[in-house]
Amino acid sequence: MPRISTVMRLIYISGMLILMAATVFAIIIPAVEDQFREPSTPPPPTPVPTEVPPEPPLEVQIITALAVEPWVSQAAETYNASERTLDGRPVVIEVIPMQGLSALNKWSRGEFDRVPTVWLAESRIWIEQANAATLDRSGQDIFLNGGRYRAQPVALSPLVWGIWETPYTVLA
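Residues numbered from 1 in each chain as written. Predicted model: local features only at pLDDT ≥ 70, side-chain atom pairs only at ≥ 80, totals over all residues. Heavy atoms only, no water.

Q: Go over the overall build of the protein with me, naming the residues and quoting the values.
A: From N to C terminus, the protein includes 5 helices and 4 strands. When the helices and strands of the protein are read in sequence order from the N terminus, they spell out α-β-α-β-β-α-β-α-α. Here the protein holds 172 residues, and the buried ones make up 15% of them. Taking all contacts inside the protein whose residues are at least 6 apart in sequence as the whole, residues at least 24 apart take part in 61%. With the model as given, the accessible surface of the protein reaches about 14200 Å², and the carbon-plus-sulfur share is 63%. (Helix = DSSP H or I, 4+ residues; strand = E, 2+ residues; numbered from the N terminus. Buried < 20%, exposed > 50% of the residue type's maximum accessible area, 1.4 Å probe, protein only. Contact = heavy atoms within 4.5 Å. Areas by Shrake-Rupley, 256 points an atom, 1.4 Å probe, with all protein chains shown as cover.)

Q: Kindly report on the environment of Ile63, identifying the contributing residues and their values.
A: Looking at the secondary structure, you find Ile63 in strand S1 (residues 58-64). You can call Ile63 buried: its relative accessible area is 1%. With 31 residues separating them in the primary sequence, Ile63 and Glu94 have C-alpha atoms 8.6 Å apart. Not counting residues up to four positions away in its chain, the partners in contact with Ile63 are Ile96, Met98, Ala103, Phe112, Pro116, Val118, Trp119 and Leu120.

Q: Requested: an account of the pattern of salt bridges, with residues and values cited.
A: For the structure shown, the criterion picks out 3 salt bridges. Among the salt bridges present, the one from Arg114 reaches Glu59, with a minimum N-O distance of 3.4 Å. Residue Arg114 is located in the loop between helix H3 (100-109) and strand S4 (118-120), and its partner Glu59 is located in strand S1; the two are separated by 55 residues in the primary sequence. Residues Glu94 and Arg114 are paired through a salt bridge, measuring 3.8 Å at the closest nitrogen-oxygen approach. Within this pair, whereas Glu94 is found in strand S3 (residues 89-97), its partner Arg114 is found in the loop between H3 and S4, the two being separated by 20 residues in sequence. (Salt bridge = Lys/Arg side-chain N within 4 Å of Asp/Glu carboxyl O.)

Q: Run through the sheet that holds S3, naming residues and quoting values.
A: If you walk across this open sheet you meet the 4 strands as S2-S3-S1-S4, and the pairing is mixed. Whereas interior strands pair on both sides, the edge strands pair on one side only; in this sheet they are strand S2 (85-86) and S4. Note that S1 and S3 share 7 bridges and pair parallel. Bridged to Val60 within S3 is Ile93. Lying on the sheet, helix H2 (residues 69-81) is in contact with S1, S3 and S4; it crosses S3 at an angle near 165°. (Pairing = 2+ DSSP bridges. Axes fitted to C-alpha atoms, helices over the stretch in contact; angles between N-to-C directions.)

Q: Account for the pairing of S1, with residues named and values stated.
A: Two strands pair when backbone bridges link them, and S1 and S4 are joined in this way by 3 bridges, in the parallel orientation. Following the sheet pairing, Ile63 is matched in S4 by Trp119.

Okay, structure coming up:
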């Protein structure tokens with residue numbers, strides 16, 4: 001029977017050696033591995049969200065004849081109340097009522113702060129005159145850039161005088 005106890009001792013010692021070897025490998029190998037590993041770079045900093053300033057509105061400026069100003073202003077108010085956007089920018093319509101001759105003179109003298117987007121004149125004559133003034137000054141046909149043979153209206157009246165019935169009765 002002494003053989004069995006020797007065998008048991010060998011198994012016990014072998015088990016202890018395996019347990020000690022596993023412990024050594026579990027502790028020493030990671031420590032040695034860390035010495036040979038390249039230093040890791042720290043993760044990039046988390047970006048701090050910044051507030052993006054809102055885009056300025058797209059402004060549409062309409063110079064309109066006095067006779068149609070109430071209708072144009074009402075249409076612009078309705079449009080502005082709908083809060084429409086274009087490419088994320090709000091679109092705002094500004095209506096400036098102005099008599100055609102005043103608008104023509106202001107245009108000819110270059111007194112507009114910025115070029116109006118739309119000009120709803122009482123007559124095409126004011127637009128023709130403004131175009132002629134611009135053509136003389138800059139050599140560019142701005143308002144009627146379709147050229148001499150562009151589409152023409154069927155009937156043209158250079159200037160029309162009209163009066164509402166109420167002022168007529170007062171003046172008559």
